[in-house]
Amino acid sequence: MRVMDSIYGEIEFCTALSDLIATPMVQRLRHIRLSNIDSLDLPGISNISRFEHALGSASLVSLMPMFRSMASEDRLLVQAAALLHDWAILPFGHLIEEAAHYLELDVSHEKLLFQLIAREKEHIGGENQQLLYGREAGLVRWLKRNFGEQYGQYIGELGEFIEGEGRYGSLIASTIDLDNLDNVVRVAHHMGLPIDNKLPMRIAGSILHVEEDDGPVFSMDAVGDIAAWIELRKAVYS
């Protein structure tokens, strides 16, 4: 599958990841805003979809130097986690989670996958039909097809990675992760701020390895780019 991305230009996904992109679980993100609300004074970001952002985040995975030395199962699983990190986010995004916290409800889209698989909470439709209006999510079929009878082991790891836990979770959810690398630059671009569209690609390309307790380890060459990304993040949120 080839996609023309607004930031990175043409990006390409392997057959296995292309199959995952085609599932209802991922396709629902076409209809969920990356921005929490429909902004009047920032119309550029009002209707960017989380689908666009998910593809961008997943594309950064293969740019990491460590990617080539990872086991093939790990490579696919980390790409899947980057693609699925927002799969369960609700309309109005994080605002709904903040409202739930005021009501002392435990609502977290990152935790939902693990909760469903571990049967921690009962959901209509079991593990296959959440948030999708009767459509099968497609994840279990995809895992069985790509990981065989051991798929149960991998679905647990996938849930951990999305939550920022486990061997590679900090690549998906930490202070400077693939999700945020894409998100900040993508939002800045659609807001009309000046950007260096290669910035996330260069920073992703500097991730040498991951320390499970400390997160991604970057090469010293990335110091300037990381500082530029932090300044851009400040500009976006101010």
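Everything below is about the structure printed above this text.
All values derive from a computational prediction rather than experimental measurement.

About the thresholds
- Residues numbered from 1 in each chain as written.
- Predicted model: local features only at pLDDT ≥ 70, side-chain atom pairs only at ≥ 80, totals over all residues.
- Heavy atoms only, no water.
- Helix = DSSP H or I, 4+ residues; strand = E, 2+ residues; numbered from the N terminus.
- Buried < 20%, exposed > 50% of the residue type's maximum accessible area, 1.4 Å probe, protein only.
- Contact = heavy atoms within 4.5 Å.
- Areas by Shrake-Rupley, 256 points an atom, 1.4 Å probe, with all protein chains shown as cover.
- Axes fitted to C-alpha atoms, helices over the stretch in contact; angles between N-to-C directions.
- Parallel < 35°, antiparallel > 145°, perpendicular 65-115°, else oblique.
- Left-handed = near helix turned anticlockwise from the far one by under 90°.
- Nonpolar A, V, L, I, M, F, W, Y, C, P; charged D, E, K, R; others polar.
- Pairing = 2+ DSSP bridges.
- Core = buried A, V, L, I, M, F, W, Y, C linked by side-chain atoms within 4.5 Å.
- Phe/Tyr/Trp six-rings, centres within 6.5 Å; stacked < 30°, edge-to-face > 60°.
- Salt bridge = Lys/Arg side-chain N within 4 Å of Asp/Glu carboxyl O.
- Expected span 1.5 Å × (residues − 1).
- Patch = residues over 30% accessible without salt bridge, like charges linked within 9 Å, V, L, I, M, F, W, Y side chains within 5 Å.
- Lys, Arg positive; Asp, Glu negative; His and termini not counted.
- Charge placed at Lys NZ, Arg CZ, Asp CG, Glu CD.

**Observations concerning the overall build of the protein**
- A tally of helices and strands in the protein yields twelve helices and four strands.
- Expressed as a percentage of its 238 residues, the buried residues of the protein come to 49%.
- When contacts within the protein are restricted to residue pairs at least 6 apart in sequence, long-range pairs at least 24 apart make up 62% of them.
- As displayed, the protein has an accessible area near 11900 Å², and 52% of this comes from carbon and sulfur atoms.

**Topic: the packing of helix H8 (residues 139-147) against helix H9 (residues 151-162)**
- The geometry of H8 relative to H9 is characterised by a closest axis approach of 9 Å and an angle of 120° between their N-to-C directions. Taken together, H8 and H9 sit at an angle that is classed as oblique. Of the two possible hands of crossing, H8 and H9 adopt the one that is right-handed. Contact with H8, carried on its side by Leu 139, Val 140, Leu 143, Lys 144 and Phe 147, involves Tyr 151, Tyr 154, Ile 155 and Leu 158 of H9 and no other residues of that element.
- Classifying every residue of the contact of H8 with H9 gives eight nonpolar, no polar and one charged.

**Quick word on the pairing of strand S4 (residues 215-218)**
- Across four bridges, strand S3 (residues 207-211) lies against S4 in antiparallel orientation. Residue pairing across strands places Glu 211 opposite Gly 215, the latter belonging to S4.
- Hairpin connection, S3 to S4: the antiparallel pair is bridged by three residues.

**Description of the nonpolar core**
- Core analysis: the biggest nonpolar cluster contains 66 residues, and Leu 20, Leu 83, Leu 84, Leu 139, Leu 171 and Leu 178 have the highest contact counts within it.
- Top contributing element to this core by residue count: helix H5 (residues 72-84), with eight residues.

**Details of the packing of aromatic side chains**
- All told, the structure shown has three aromatic pairs when counted by the stated rule.
- Aromatic side chains Trp 142 and Phe 147 sit 6.1 Å apart centroid to centroid with 70° between the ring planes, which places their arrangement in the edge-to-face category. Take Trp 142 and Phe 147: they sit in the same class, and that class is buried.
- With 4.4 Å between their ring centres and 25° between their planes, Phe 147 and Tyr 154 make a pair best called stacked.
- The exposure class of Tyr 154 is buried, given its relative accessible area of 13%.
- Taken together, the aromatic side chains of Trp 142, Phe 147 and Tyr 154 make up a single cluster linked through ring pairs.

**Remarks on the pattern of salt bridges**
- Applying the stated criterion to the full structure yields eleven salt bridges.
- The salt bridge partner of Asp 38 is Arg 33, with a shortest N-O separation of 3.5 Å.
- Owing to a relative accessible area of 46%, Asp 38 belongs among the partly exposed residues under this scheme.
- Between Arg 167 and Glu 157 there is a salt bridge, with its nearest N and O atoms 2.8 Å apart. Of this pair, Arg 167 sits in the loop between H9 and helix H10 (178-191) while Glu 157 sits in helix H9, and the two are ten residues apart along the sequence.
- Judged by its relative accessible area of 32%, Arg 167 falls in the partly exposed class.
- With relative accessibility at 15%, the residue Glu 157 sits in the buried group.
- Salt bridges sharing common partners tie together Asp 5, Glu 52, Asp 182 and Arg 186.

**Re helix H4 (residues 50-61)**
- Taking 1.5 Å of rise per residue, twelve residues should cover 16 Å, and H4 covers 17 Å from first to last C-alpha, within 8% of that figure.
- For H4, a buried count of twelve out of twelve residues is recorded, marking the element as mostly surrounded by other parts of the structure.

**Re a negative patch on the surface**
- The grouping of Glu 160, Glu 165, Glu 211, Glu 212, Asp 213 and Asp 214 at the surface amounts to a negative patch.
- Mapped onto the elements of the fold, Glu 160 is located in helix H9.
- Here Glu 160 falls in the partly exposed class, since its relative accessible area comes to 33%.

**Regarding H5**
- End to end, H5 covers 18 Å across 13 residues, agreeing with the expected 18 Å (1.5 Å per residue, within 8%).
- Counted residue by residue, H5 has ten buried out of 13 residues, so it is predominantly covered.
- Listed as buried for H5 are Asp 74, Leu 76, Leu 77, Val 78, Gln 79, Ala 80, Ala 81, Ala 82, Leu 83 and Leu 84.
- Structurally, H5 contributes buried residues whose contacts are with helix H1 (15-21), helix H2 (24-27), H4, H8 and H9.

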